[in-house]
Amino acid sequence: DQQPAGGAGAREGGPRHRIWISKPKGGFNAIGIHMHSLGEADLASDEATRQWLVQRIPAGEFVLQDYVMRPMLFKGHKFDLRLWTVLLSVDPLRLHLLGTGIPKVSMWKYDGSPKHVKNPCVHYLFPGPSDCYYSREDPDGMRDVLAPQKGLYPTSTTNDYWYDNVEPSGRRFWKEVAWANVERTLVEVMLLAREQLLHVDHKIKQAGLRYKRVVFLSPDLVLDERGRAFLVEINTNGYMIGNLHKDFFPMERQQNAVPSFVGATGYPLQPHYKAELAAQTRRFCQSA
């Protein structure tokens, strides 16, 4: 079903249209992203939509995503969440999720009307690019940057500053509705994705082999005004930047904890295998 466009006035009615996002396959860091508005006429039939696609989407491989028109907001700003997850096992499914989301809050207040479709300051640019600070094209007074220097930018989703200013507000709504839906969406995606891996996992186990693999994933999700979570993409390079941008993402402590958590540093489980490791090493050396 179509929804009215976002923004204060549009949430009470307003023009009907949809926004689609096109992303080049293999893109990174918002390069090549384009926002497109589809009016009612473009969605009236399959043929009308096909004509719209032919006219606006260039040849090549792209991902097209339906935009969440009524997003959950933080102080009137659209945001999405970067999450950190560690996948330890596919059967049984064992997934660990960092207890806080990493907010990426857009610089200008949200307005989903057609005239602002092409404005990245409204939709996905969080504080940093100078264009959004100094642009004069702000007739609606949406330039309300959450400057980190003034302590206005949220760096966590687990404190009162977040609970009080997210819309809908309140700790209970965030914990019991929004965050619960985040967890549910991630589990659903993992259950769907693991179907392509289970036969490999089973063959290894049936052969009596042991293996340990961990996958660090950093999904991006967006929530709507009802607290429903929608997957944007899953990043596999992690973007583990420590405190490089600590005004927005003070993540050094959490980053240092990840390798220790998966046993890649510090060898926290060494007492459980030390004797067996020594025995196998001794046997190997004696047979050489």
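See above for the structure.
Computed from a predicted structure; not experimentally measured.

**Q** Explain the environment of Asp111 residue by residue, including any values.
**A** In this fold, Asp111 is placed in the loop between β8 (102-105) and α2 (120-123). In the structure, Asp111 is positioned 42 residues away from Met69 in sequence and 9.3 Å away in space, judged by C-alpha atoms. Polar contacts involving the side chain of Asp111 include one to the side chain of Ser113, which spans 2.7 Å.

**Q** Tell me about the pattern of salt bridges, and name the residues and values.
**A** Throughout the structure, instances matching the rule amount to twelve salt bridges. With its nearest N and O atoms 2.5 Å apart, the salt bridge here joins Asp220 to Arg82. On the criterion of sequence distance, the pair formed by Asp220 in strand β10 (residues 215-223) and Arg82 in strand β5 (residues 77-82) is long-range, its members being 138 residues apart. Taken individually, Asp220 and Arg82 each receive the classification buried, so the pair is uniform in this respect. With a closest N to O distance of 3.2 Å, Glu176 and Arg172 form a salt bridge. With Glu176 and Arg172 both in helix α5 (residues 171-193) and four residues apart, the pair spans about one turn of that helix. One network of salt bridges, in which partners are shared, links Asp80, Arg82, Lys104 and Asp220.

**Q** Please give an account of helix α8 (residues 270-287) that cites residues and values.
**A** With 18 residues, α8 extends 25 Å from end C-alpha to end C-alpha; this agrees with the ideal 26 Å at 1.5 Å per step. Taking the largest bend as the criterion, α8 deviates by roughly 25°, centred on Glu276.

**Q** Explain the packing of aromatic side chains to me, using residue names and the numbers behind them.
**A** Tallied over the full model, the rule gives nine aromatic pairs. Relative to Trp174, the ring of Trp162 has its centre 5.4 Å away and its plane inclined at 75°; by these criteria the two rings are edge-to-face. Placement of Trp162 in helix α4 (residues 160-165) and of Trp174 in helix α5 is noted, with a sequence separation of twelve residues between them. An identical accessibility class is assigned to Trp162 and Trp174; each is buried. Centre to centre, the rings of Trp174 and Trp179 are 6.3 Å apart; their planes meet at 40°, and the pair counts as tilted. Across the pair, exposure class does not vary: Trp174 and Trp179 are buried alike.

**Q** Go over α5, please, and point to the residues and values.
**A** For α5, built from 23 residues, the straight-helix expectation of 33 Å at 1.5 Å per residue is met to within 8% by its first-to-last C-alpha distance of 32 Å. Within the span of α5, buried status applies to Trp174, Ala178, Trp179, Asn181, Val182, Thr185, Leu186, Val189 and Met190. On its buried face, α5 sits against β5, β6 (85-90), β7 (93-97), α4, β10 and β11 (229-235).

**Q** Outline the nonpolar core, listing residues and values.
**A** Counting 29 residues, the largest nonpolar core has Phe79, Leu81, Trp162, Trp174 and Leu223 as the members making the most contacts within it. Breaking this core down by element, the ones donating at least two residues are β5, β8, α4, α5 and β10. For this core, the element with the most residues is α5, which contributes five residues. Excluding anything up to four places from it in sequence, Leu81 contacts Gly101, Ile102, Pro103, Thr157, Trp162, Trp174, Trp179, Pro219, Asp220, Leu221 and Leu223. The next biggest cluster of nonpolar side chains, apart from the first, holds 15 residues, and it includes Met35, Tyr110, Val117 and Val145.

**Q** I'd love a proper account of a nonpolar patch on the surface, names of residues and values included.
**A** On the surface, a cluster of nonpolar side chains totalling about 280 Å² of accessible area is made up of Leu269, Tyr273 and Leu277. One can find Leu277 in helix α8.

**Q** An account of the environment of Trp162 is needed here, citing residue identities and associated values.
**A** Here Trp162 falls in the buried class, since its relative accessible area comes to 0%. Separated by twelve residues in the primary sequence, Trp162 and Trp174 place their C-alpha atoms 9.2 Å from one another. Not counting residues within four places of it along the chain, the set of residues in contact with Trp162 comprises Phe74, Phe79, Leu81, Pro103, Pro154, Ser156, Thr157 and Trp174.

**Q** Tell me what's going on with the sheet that holds strand β1 (residues 17-24), and back it up with residues and numbers.
**A** One key point about sheets: their strands pair by backbone hydrogen bonds, in either a parallel or an antiparallel sense. With respect to topology, three strands assemble into an open sheet ordered β2-β1-β3, the strand pairing being antiparallel. Two strands in the sheet have a free side with no partner beyond their single neighbour: β2 (34-39) and β3 (62-66). Strand after strand, the sheet turns through a mean of 30° between neighbouring axes, direction not considered. Along the sheet, helix α1 (residues 46-56) makes contact with β1, β2 and β3, crossing β2 at roughly 150°.

About the criteria used
- The residue numbers shown here count from 1 along each chain, following its written sequence.
- The model is predicted, so local features are restricted to residues of pLDDT at least 70 and side-chain atom pairs to those at 80 or more, both for listing and for counting; the totals for chains, interfaces and linings are taken over all residues.
- Computation of side-chain values covers all heavy atoms of the structure but excludes hydrogens and water.
- The helix and strand labels rest on DSSP assignments: H or I over at least four residues marks a helix, E over at least two residues marks a strand, and numbering proceeds from the N terminus.
- Any pair of nitrogen or oxygen atoms within 3.5 Å is treated as a polar contact; in protein, a donor-acceptor pairing is required on top of that, and neighbouring residues in sequence qualify only through side-chain atoms on both sides.
- Salt bridges are defined by distance alone: a side-chain nitrogen of Lys or Arg within 4 Å of a carboxyl oxygen of Asp or Glu.
- Here the term buried applies to any residue with accessible area under 20% of the maximum for its type, exposed to any over 50%, and partly exposed to those in between, with areas from a 1.4 Å probe on protein chains only.
- A helix's residues, less one, multiplied by 1.5 Å, set its expected span.
- We define the bend at each residue as the angle formed by axes fitted to the 7 residues ending at it and the 7 residues starting at it.
- We call Phe, Tyr and Trp rings a pair once their centres come within 6.5 Å, taking the six-membered ring for Trp, and we label the pair stacked below 30 degrees between planes, edge-to-face above 60, and tilted otherwise.
- Residues are treated as being in contact if the distance between any of their heavy atoms lies within 4.5 Å.
- Remark: nonpolar core denotes a set of buried residues (Ala, Val, Leu, Ile, Met, Phe, Trp, Tyr, Cys) joined through side-chain atoms within 4.5 Å.
- To count toward a patch, a residue needs a relative accessible area over 30% and no salt bridge; like charges are then connected within 9 Å, while nonpolar side chains (Val, Leu, Ile, Met, Phe, Trp, Tyr) are connected within 5 Å.
- Reported accessibility uses the Shrake-Rupley method at a 1.4 Å probe radius. Residues are deemed covered only where the shown protein chains occlude them.
- At least two bridges found by DSSP between two strands is the condition for calling them paired.
- To get an axis, a line is fitted to the C-alpha atoms, and for a helix only the part in contact is used. The angle between two axes follows their N-to-C directions and goes from 0 to 180 degrees.

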